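Fold and geometry: a report
Chain by chain, the residues run as shown.
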Amino acid sequence: MKIRIRTHWLLGAALFAMIAGGPTPSAGEEPLVEKYVLGNGLTVVIRPNPSSPVVAVQAWVKAGSTTETEARAGMSHILEHMAFKGTKRRGPGEIAREVESVGGEVNAYTSYDQTVYHITLSGRFLENALDILADTLGNSVFDPSELSREREVILEEVRMNEDDPGRVVSKALFREAYKVHPYGRPVIGFVDTIRKTTREDLLAYFHANYVPGNMVLVIAGAVDPKTSRPLIERTFGQLPSGSAPEAPRPVEPAQGETRVVVKEKDARRAYLDMGFHGPSMKDPDVYAWDLLSMILGSGETSRLYRGVKDGKGLVDSVSASSYTPRDPGLLFVGGTMSPEKAREALKEILLETFRMTAAPPEGAELARAKTATETDFLFSLESQSALARHVGFYETTLNDAAFEQTYLRKIRAVTADDIQAVARKYLAPGNLTVSAVLPAGKGGILPVEEVRAIARQAFAEATAPGAKTEKKRTVVKEVLSNGVRVIVRENRAVPVVAVQAGFLAGVRGEPVEKGGVANLAAGMLVKGTKRHTAREIAEAVEDMGADLSGYSGRNSFGLQGKFLQRDFEKGFRLFAESLLEPTFPAEELEKKRIETLGALKQQKDQLTQATFLLFLAAQYGDHPYGRNPLGTENSVRAMTPADLEAYYERWTDPRNMVIGISGDIDAGEALAAVRKAFGEMPPRPGYTPLGALPVPLHDGIRRVEERRDKQQAHFVIGYPGARFTDPDRYALDVLGSALAGMGGRLFVNLRDKKSLAYSVTSFSSEQVDPGFFAFYMGTSADKLDGAIADTLAEIADVKKGGVTGEEFERAKKWMIGTYEIGLQSNSAYADKMVYNELYGTGYGETFVAPEKIAAVTLADVNRMAVSVLDTDKYTIAVLRGN
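Just so you know, these numbers come straight off a predicted model, no measurement behind them.

About the criteria used
Residues numbered from 1 in each chain as written. Predicted model: local features only at pLDDT ≥ 70, side-chain atom pairs only at ≥ 80, totals over all residues. Heavy atoms only, no water. Helix = DSSP H or I, 4+ residues; strand = E, 2+ residues; numbered from the N terminus. Rg over C-alpha atoms; globule rule 2.2 N^0.38 Å. Buried < 20%, exposed > 50% of the residue type's maximum accessible area, 1.4 Å probe, protein only. Areas by Shrake-Rupley, 256 points an atom, 1.4 Å probe, with all protein chains shown as cover. Lys, Arg positive; Asp, Glu negative; His and termini not counted. Charge placed at Lys NZ, Arg CZ, Asp CG, Glu CD. Pairing = 2+ DSSP bridges. Axes fitted to C-alpha atoms, helices over the stretch in contact; angles between N-to-C directions. Contact = heavy atoms within 4.5 Å. Parallel < 35°, antiparallel > 145°, perpendicular 65-115°, else oblique. Left-handed = near helix turned anticlockwise from the far one by under 90°. Salt bridge = Lys/Arg side-chain N within 4 Å of Asp/Glu carboxyl O. Polar contact = N/O pair within 3.5 Å; in protein donor to acceptor, adjacent residues only side chain to side chain. pLDDT = per-residue confidence, 0-100. Phe/Tyr/Trp six-rings, centres within 6.5 Å; stacked < 30°, edge-to-face > 60°. Lys NZ or Arg CZ within 6 Å of the ring centre and 35° of its normal. Core = buried A, V, L, I, M, F, W, Y, C linked by side-chain atoms within 4.5 Å. Arc of directions from axis to C-beta. Expected span 1.5 Å × (residues − 1).

1. Focus: the overall build of the protein
Helices and strands together make up the secondary structure of the protein, namely 31 helices and 24 strands. Relative to a compact globule of 882 residues, whose C-alpha radius of gyration would be 29 Å, the protein shows 27 Å and is just as compact. Overall, the C-alpha framework of the protein stretches about 75 × 75 × 65 Å when taken along its three principal axes. Per-residue burial for the protein yields a buried fraction of 62% across its 882 residues. Looking at the protein as shown, the accessible area adds up to about 31700 Å², and 51% of this sits on carbon and sulfur atoms. The centroid of the 107 positive side-chain charges in the protein is displaced by 1 Å from the centroid of its 114 negative side-chain charges.

Structure below.
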């Protein structure tokens, strides 16, 4: 089951009824979850998972935007924002600082049906998490001044959403598809309802809904159900009893005709979202519906990808996913494309969708989708927070925390005829809503009546007759005779093996006139070999339910894969073939070129990313770090297969190569596989390694600015930073973390107290050559000048007075905790081991980084503040509205 949380749940595919790779419990064995109800009515669900020493604690309140009135839409989201703004025991900011002081992460999110407050940290601090969440849900004070400031932050969030075409098209789809049901209202609410909601409104809503009988406490990970119960009784058990009356929800009437909404925004691409009304999570149709969505639009072997993107080149991206919440949801189908191709792309997307009604799935389509349901959940077992989300959703939606067992059993029983039956039941023009966001002045590309006509025509053509448990880990390193460095980490907790190979190069290794060649070459590694076509590779990967993809960045490029343990031999053969025998076929390059050109245009719609690209160009000048890793439109258009092959041959020398493997595999077996596949890889004649490249230095203030037709403004203030190998890199990291975070002075002073920003942070970015230290803020255009001035004042204050002891300790614990949380998966370990070995710190850095962070002193951090920060010498990049 795939879950994406933004303002709604997207549920597609499936769950596998296994715990840490073990079989489903049978009679007499330990149950999958332990569930009980406290005396005050609170439901508690515990899901032990020994795959890592991390615990996820989540409090699920069965109240979201659907439990609000239209006149006060957004109250649940306001409460979420106010959750950590002070209780009777803890002042504003103390909750975040307390969690970060033990290395944890705290946050909350709101959906249509639930609001979730969650903490992820080391299992040894479980009691801390329980005490904090119980205090939050039982004793929040909703200080009027904090509420006033947070309301401004939320209004900034609304404005930020309006600047994002992807969010605009999604919100418009829901608003048009649900005319009666509250799923049609945005979770965040509206500007007027946010402004009109009073503290009294929030208190009444809070006391009515935030009661134990309306909440579920979920704990997943390194937790013992027996020893944890007294802790739960001492914290959540003290909340006063109460239950929330269930108010009936309006039922969305049958639709009848295609609904269309078209909006114009400052965008470079066209954004299409389509929705077909479908089943809820409680409906027996959900199993076939989820598999239908996967066959239609999940992965490179899906019908939409093959037919619309790969086959016709009409879109930058295309996908489908099922949204099956508590009440009837939607099948999402959507994509991004050039505005000039929007009409044709719409027709082809609908043709592929309606063809699901004409014939049952063919060949391996259904088997492949079922395999993916199993692997998706096995992969999710590597993250305790993801596992807790699964359990919490099941319990609050179905009153069945262990529903994954039922889900997988029924997924396995779905037939091709079942999928065709649900397609015929739901996929029809009268049940369709189309939402489009087009560049300003181009709304006429998709007139409403023409969209309806396209839907009817596509349906007629498509349906016409004849239409078509944690164990000891071993880490070993071996250098092959040709120079390939291999690092293997054994981890038997989950039957998954991750593999990564990297070469030192990336953007740093690109010829100046060949910008983007690293990205294109890496992406093409799986697009054809001497033995297999791109389609054959994609089919082989998805038949295994695996992942295999190229990657590239500023300092390196390579290939990464993830396989079930049972498929390692087959998967690794394909991995090696893709890395050693790519052919860079011209027809696949053309597809990748179109995709990259679309990404370059779409990049301009992502304002935070655009601001950082502007900053890097100013900071680094002619150094490769100043270039866009995707290249430029001109360089991408001019790229040839010979360019990709030349780049590949220049850098894929065994002496420049590191392979990392982590997972459920014997180290000897893994090393033998690598020796067999890569032991005869020949060194390239005349190969020379890539050395250090000089980074330009700047005197004074260097300012660059770009204007957009947007409501928001973004800026980055940056300084020269550290190399991966610099002894002060961790001190600089601690400095960035001490100032950032929900408990950091930037958040408290600039966001909470002054309401200047929705997003504000600071961080250090180490690189092979000197990196950078940056401050970032997203604010409104009318607050920009004040926001910059106040940020510089904070910088001056830190340079003069340094960070405090409390900030310092909180930052170190937060860094150690988040580092450990970030290393929950085998893929994360393989990635870290490869990068550390490539970048000169050695793979062992992966395992000693927490100790090095702990060894940083306050004097080290404040020395870096004096050395790096300067209000008279910095680079500032500004992206502002007109």
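Let's pick the thread back up.
2. As for the sheet that holds strand S18 (residues 556-564)
Strand order in this open sheet of six strands is S14-S15-S19-S16-S18-S17, and the pairing throughout is mixed. In this open sheet, the two strands that pair with only one neighbour each are strand S14 (475-479) and strand S17 (547-552). In this sheet, neighbouring strand axes are inclined to one another by 15 degrees on average, regardless of whether the strands run parallel or antiparallel. Here strand S16 (residues 496-504) pairs with S18 via nine bridges, running antiparallel. Residue Leu 504 lies in a different strand from S18, and its bridge partner there is Ser 556.

3. Some thoughts on the sheet that holds strand S5 (residues 54-61)
The six strands lie next to each other as S3-S4-S8-S5-S7-S6, forming an open sheet whose pairing is mixed. Looking at the sheet topology across the chains shown, the edges are occupied by strand S3 (34-37) and strand S6 (105-110). For this sheet, the mean angle separating the axes of adjacent strands, direction not counted, is 15 degrees. Along the sheet face, helix H3 (residues 126-139) touches S5, strand S7 (115-122) and strand S8 (215-221) and points at about 160 degrees away from the line of S7. In this fold helix H13 (residues 384-398) packs onto S3, strand S4 (43-48), S5, S6, S7 and S8, with an angle of close to 30 degrees to the strand it touches most, S5.

4. Details of the packing of helix H28 (residues 805-822) against helix H30 (residues 845-855)
Direction vectors running N to C along H28 and H30 enclose 165 degrees, while the axes themselves pass 9 Å from each other. The angle between the axes of H28 and H30 places the two elements in the roughly antiparallel class. Pair H28 / H30 crosses with left-handed handedness. Here Lys 812, Met 815, Ile 816 and Tyr 819 of H28 come into contact with H30, specifically with Glu 845, Thr 846, Ala 849, Pro 850, Ile 853 and Ala 854.

5. What about the pattern of salt bridges?
Considering all chains together, one arrives at 73 salt bridges under this definition. A salt bridge links Arg 810 to Glu 100, with the nearest nitrogen and oxygen atoms 2.4 Å apart. The exposure class assigned to Glu 100 is buried, which follows from its relative accessible area of 6%. Two residues, Asp 327 and Arg 326, come together in a salt bridge whose shortest N-O distance is 4.0 Å. On the basis of relative accessibility, which here comes to 22%, the residue Arg 326 falls in the partly exposed class. Look at the salt bridges and you will find they share partners, linking Arg 89, Arg 90, Glu 98, Asp 131 and Asp 135 into a network.

6. Structural notes on unusual backbone geometry
One non-glycine residue, Asn 399, lies in the positive phi region at around 60 degrees. Note that Asn 399 resides in the loop between H13 and helix H14 (403-413). Of the residues examined, Asn 399 reaches a relative accessible area of 54% and is grouped as exposed. Backbone geometry at Ser 755 places phi at a positive 50 degrees, although glycine is not the residue there. The residue Ser 755 is located in the loop between helix H26 (745-753) and strand S22 (759-765) in this model.

7. Describing the side chain of Ser 338
With respect to the helices and strands, the residue Ser 338 is situated in the loop between strand S12 (330-337) and helix H11 (342-358). On the basis of relative accessible area, Ser 338 is assigned to the buried category, the value being 13%. Here Glu 340 takes part through its side chain, which lies 2.6 Å from a polar atom of the side chain of Ser 338.

8. Focus: the confidence of the model for the protein
Per-residue pLDDT for the protein averages 92, and the proportion of residues at 70 or more is 95%. Within the protein, no element has a lower average pLDDT than strand S2 (residues 9-12), which sits at 28, and none a higher one than helix H17 (residues 517-523), at 98. Across residues 1-29 the pLDDT falls below 50, and counting only partners more than four positions away or on other chains, this stretch makes 112 contacts in the model.

9. Some details on the packing of aromatic side chains
For any pair of aromatic rings, the description rests on two quantities: the centre-to-centre distance and the angle between the ring planes. Per the counting criterion, the structure on display carries 37 aromatic pairs. An aromatic cluster of at least three residues, connected via ring pairs, comprises Tyr 112, Phe 174, Tyr 178, Tyr 183, Tyr 323 and Phe 332. The ring of Tyr 829 has Arg 489 sitting right over it, with the charged end atom 3.4 Å from the ring centre. One Lys or Arg, Arg 729, reaches over the ring of Tyr 730 and ends 4.6 Å from the middle of that ring.

10. Concerning the nonpolar core
Residues Met 274, Leu 346, Leu 350, Ile 419, Leu 427 and Leu 446 are the most contacted members of the largest nonpolar core, which totals 80 residues. The dominant element in this core, judged by the number of residues it contributes, is helix H9 (residues 286-297), at nine residues. When residues no more than four places from it in sequence are discounted, the contact partners of Leu 446 are Val 262, Leu 272, Ala 342, Arg 343, Leu 346, Ala 436, Leu 438 and Val 451. Ala 546, Leu 548, Phe 584 and Ala 667 belong to the second-largest nonpolar core, a separate cluster that totals 51 residues.

11. Regarding the environment of Ser 51
With respect to the element layout, Ser 51 can be found in the loop between S4 and S5. Here Ser 51 falls in the buried class, since its relative accessible area comes to 5%. Remark: the alpha-carbon pair of Ser 51 and Ala 388, spanning 337 residues in sequence, is separated by 14 Å.

12. A look at H30
Taken as a whole, H30 has its buried residues at Glu 845, Thr 846, Ala 849, Pro 850 and Ile 853. The buried residues of H30 occupy an angular sector of 150 degrees when projected down its axis, which confines them to one face. Exposed and oriented more than 90 degrees from the buried face of H30 are Glu 851 and Ala 855. Those residues of H30 that are buried lie in contact with helix H25 (729-739), H28 and helix H29 (826-838).

13. Here's the deal with the pairing of strand S24 (residues 874-881)
With eight of its eight residues buried, S24 lies for the most part within the structure. Side chains Tyr 874, Ile 876, Val 878 and Arg 880 of S24 all project onto a buried face; the interleaved residues Thr 875, Ala 877, Leu 879 and Gly 881 project onto the opposite face, where all are buried too. Both strand S20 (residues 701-708) and S24 contribute to a ladder of eight bridges, which runs parallel. Bridged to Glu 705 within S24 is Val 878. As judged from the five bridges shared by strand S21 (residues 712-720) and S24, these two strands associate in the antiparallel manner. Looking across to S24, one finds that Ile 717 is bridged to Ile 876.

14. Description of helix H16 (residues 448-463)
Between its first and last C-alpha atoms H16 spans 23 Å; for 16 residues at 1.5 Å apiece the expected length is 22 Å, and the two agree. As for H16, its buried residues are in contact with strand S9 (259-265), H11 and strand S13 (432-439).

15. Details of the environment of Glu 478
Residue placement: Glu 478 occurs in strand S14. Taking C-alpha positions, Glu 478 is 22 Å from Thr 725, a pair spaced 247 residues apart along the chain. If we ignore the near neighbours within four places in the chain, the residues touching Glu 478 are Val 484, Arg 485, Val 486, Leu 671 and Arg 675. Reaching out from Glu 478, the side chain makes a polar contact with the side chain of Arg 675 at a distance of 2.8 Å.

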